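Overview (structure and organization)
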Amino acid sequence: MNKKSEVRKAFKAALPHTIPIFAGFLFLGIAYGIYMKLAGFSAIYPILMSMTIFAGSMEFVAADLLLGAFNPVGAFVLTLMVNARHLFYGISMLDKYKDVGKKKWYLIFGMCDETFSINCTAQIPVGVDKGWFYFFVTLLNYLYWVLGASVGGIFGSFINIKIEGIDFIMTALIVVIFLEQCLKEKDHTSAVIGIGATILCRIIFGADNFIIPSMIMILGVLTLFRNQLQRRVEE
Amino acid sequence: MTITQQILTIAAVVLGTVVTRFLPFIIFPADKPRPKYVKFLGRVLPSAALGMLVVYCLKNVNVFAGTHGIPETLSILAVCILHFWKRSMFLSIAGGTGIYILLINFVF
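The following refers to the structure shown. (Residues numbered from 1 in each chain as written. Chains lettered and ligands numbered in written order. Predicted model: local features only at pLDDT ≥ 70, side-chain atom pairs only at ≥ 80, totals over all residues. Heavy atoms only, no water.)

**Here's the deal with the side chain of B:Thr97**
Inspection of the secondary structure puts B:Thr97 in helix H4 (residues 89-107). Of the polar contacts made by the side chain of B:Thr97, one reaches the backbone oxygen of B:Ile93; its length is 2.7 Å. Contact partners of B:Thr97, with chain neighbours within four places excluded, come to A:Gly165, A:Ile166, A:Phe168, A:Ile169 and A:Ala172. (Helix = DSSP H or I, 4+ residues; strand = E, 2+ residues; numbered from the N terminus. Polar contact = N/O pair within 3.5 Å; in protein donor to acceptor, adjacent residues only side chain to side chain. Contact = heavy atoms within 4.5 Å.)

Here it is, written out as structure tokens:
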């Protein structure tokens, strides 16, 4: 198979996986662009920030940072905390993103929640190059987000389509991906630990500060049951 | 803030995000053998991380006020039922989101 048809095949395989993200990111991206516009920023801000930061929730936070006092070190530390969950994604993808050539660096740069979820669980059809598949999922999701943010930033004042609740599409997507992951594996201990520890930490620490405690608790419990888990995973 | 300060602030956010995404790949390069513990995490973390992400999506739901999380619960139930019934990703997502939009606009 020549290179060109290999790439095209991977694109065709990746595209359907990203359609729900297309809808979700377009709406969320537009909402972000409008948010920036209302905060007094010209369209160039949401466009460049969506392209460079590419981490949805952090981009909203960054808008507030820009309106506050100048404190880049504080901004850096805050970002580490808000985005700490990416560390789990990275550890989960160490094997999958191996042997994909130079594309690897873009895959890591563009690994948002949604891209991680798809690339972590998707069953790549036989004969499709996995590196290119991962690449197109990452690239398409990236483009959807930048497109949404740009449209919102440029046309924000003219757009008046507001569908209350459309953002639930992201939750539905993650739930489906989670279900698929559970159907794929025989032992659900780790999934239950993930859900249980996070709910517990959400209750204890509140909606703004629960991710890092959740990660610590998940690591602790997984480590505690390492021997049993290892045996079950290997069966 | 001046333009330079704004650029530095955005750069700090970009750097922070990049660090969280790249760190595992830099600490554990592909061409070196990984500690057993990290290999173990690589196998069990995906499910836990996805579970965490599900809760993260729902972090602003308040069981004690507003709509008490009822629209979210019903819609996720719908997603699960649709998914176990047809196992079509698109149908489950579209159906669940449709029900959620109907619920919060017309019922709650």
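**Re the interface of chain B and chain A**
Listed as interface residues are 67 residues of chain B and, on the opposing side, 89 residues of chain A. Of all residues in chain B, the largest losses of buried area upon contact with chain A belong to B:Arg21, B:Phe25 and B:Met52, amounting jointly to 12% of the total for that side. Counting the contacts that link chain B with chain A gives 2 salt bridges. Between B:Arg34 and A:Asp95 there is a salt bridge, and its shortest N-O distance comes to 3.0 Å. The interface formed by chain B and chain A includes 17 residue pairs in polar contact (both at pLDDT 80 or more). Every element with two or more residues in the side of chain B that touches chain A is listed here: helix H1 (3-27), helix H2 (36-57), helix H3 (70-86) and H4 of chain B. Here the element with the most residues in the side of chain B that touches chain A is H2(B); it accounts for 21 residues. For the side of chain B that touches chain A, the per-class residue count stands at 44 nonpolar, 16 polar and 7 charged. (Buried area = accessible area lost by both parts, 1.4 Å probe. Salt bridge = Lys/Arg side-chain N within 4 Å of Asp/Glu carboxyl O. Nonpolar A, V, L, I, M, F, W, Y, C, P; charged D, E, K, R; others polar.)

**Some remarks on the packing of helix H5 (residues 85-93) of chain A against H2(B)**
Where H5(A) contacts H2(B), the axes come no closer than 8 Å and their chain directions differ by 140°. Of the possible angle classes, the one that applies to H5(A) and H2(B) is oblique. Pair H5(A) / H2(B) crosses with left-handed handedness. Between H5(A) and H2(B), the contacting residues are A:Arg85, A:Phe88, A:Tyr89, A:Ile91 and A:Ser92 on the first element and B:Val38, B:Leu41, B:Gly42, B:Leu45, B:Pro46, B:Ala49, B:Met52, B:Leu53 and B:Tyr56 on the second. Within the contact of H5(A) with H2(B), the residues separate by chemical class into 11 nonpolar, 2 polar and 1 charged. (Axes fitted to C-alpha atoms, helices over the stretch in contact; angles between N-to-C directions. Parallel < 35°, antiparallel > 145°, perpendicular 65-115°, else oblique. Left-handed = near helix turned anticlockwise from the far one by under 90°.)

**Regarding empty space enclosed by the protein**
Following the criterion strictly, the structure yields 1 cavity of 30 Å³ or more and no others. A volume near 40 Å³ is recorded for the largest cavity. Taken together, A:Leu94, A:Lys104, B:Phe25, B:Phe28, B:Pro29, B:Ala30 and B:Arg34 form the lining of the largest cavity. Split into classes, the residues belonging to the lining of the largest cavity amount to 5 nonpolar, no polar and 2 charged. (1 Å grid on protein atoms, 1.4 Å probe; cavity = no way out; pocket = protein on both sides within 12 Å on 5 of 7 lines; lining within 4 Å. Points joined across faces, edges and corners; volume = space filled by probe spheres on them.)

**Concerning the layout of surface pockets**
Taken as a whole, the second largest pocket spans an internal volume of roughly 530 Å³. Lining the second largest pocket we find 25 residues, and of these A:Gln181, A:Glu185, A:Val233, B:Arg43 and B:Val44 sit closest to its centre. Secondary-structure elements contributing two or more residues to the lining of the second largest pocket are H5, helix H9 (168-184) and helix H12 (226-234) of chain A together with H2 of chain B. A total of 6 residues in the lining of the second largest pocket trace back to one element, the largest contributor, which is H2(B).

**Structural notes on the state of the cysteines**
As used in these notes, a disulfide is a covalent bond between sulfur atoms, one from each of two cysteines. Counted under the stated rule, the structure contains 0 disulfides over all chains. Cysteine A:Cys120 shares no disulfide, and the gap to the nearest cysteine sulfur, in A:Cys182, comes to 12 Å. The exposure class assigned to A:Cys120 is buried, which follows from its relative accessible area of 2%. Its sulfur unpaired, A:Cys201 is 17 Å from the next cysteine sulfur, which belongs to B:Cys57. (Disulfide = S-S within 2.5 Å. Buried < 20%, exposed > 50% of the residue type's maximum accessible area, 1.4 Å probe, protein only.)

**A closer look at the packing of aromatic side chains**
In this structure the tally under the stated criterion is 22 aromatic pairs over all chains. Where A:Phe41 meets A:Tyr45, the ring centres are 5.0 Å apart and the plane angle is 50°; that geometry is what we call tilted. The exposure class of A:Tyr45 is buried, given its relative accessible area of 17%. Between A:Phe168 and B:Tyr100, the aromatic rings sit 4.3 Å apart at their centres with planes inclined by 15°, giving stacked as the arrangement. Of this pair, A:Phe168 sits in helix H9 while B:Tyr100 sits in helix H4, placing the two residues on different chains. Of the two residues, A:Phe168 and B:Tyr100, both sit in the buried class. (Phe/Tyr/Trp six-rings, centres within 6.5 Å; stacked < 30°, edge-to-face > 60°.)

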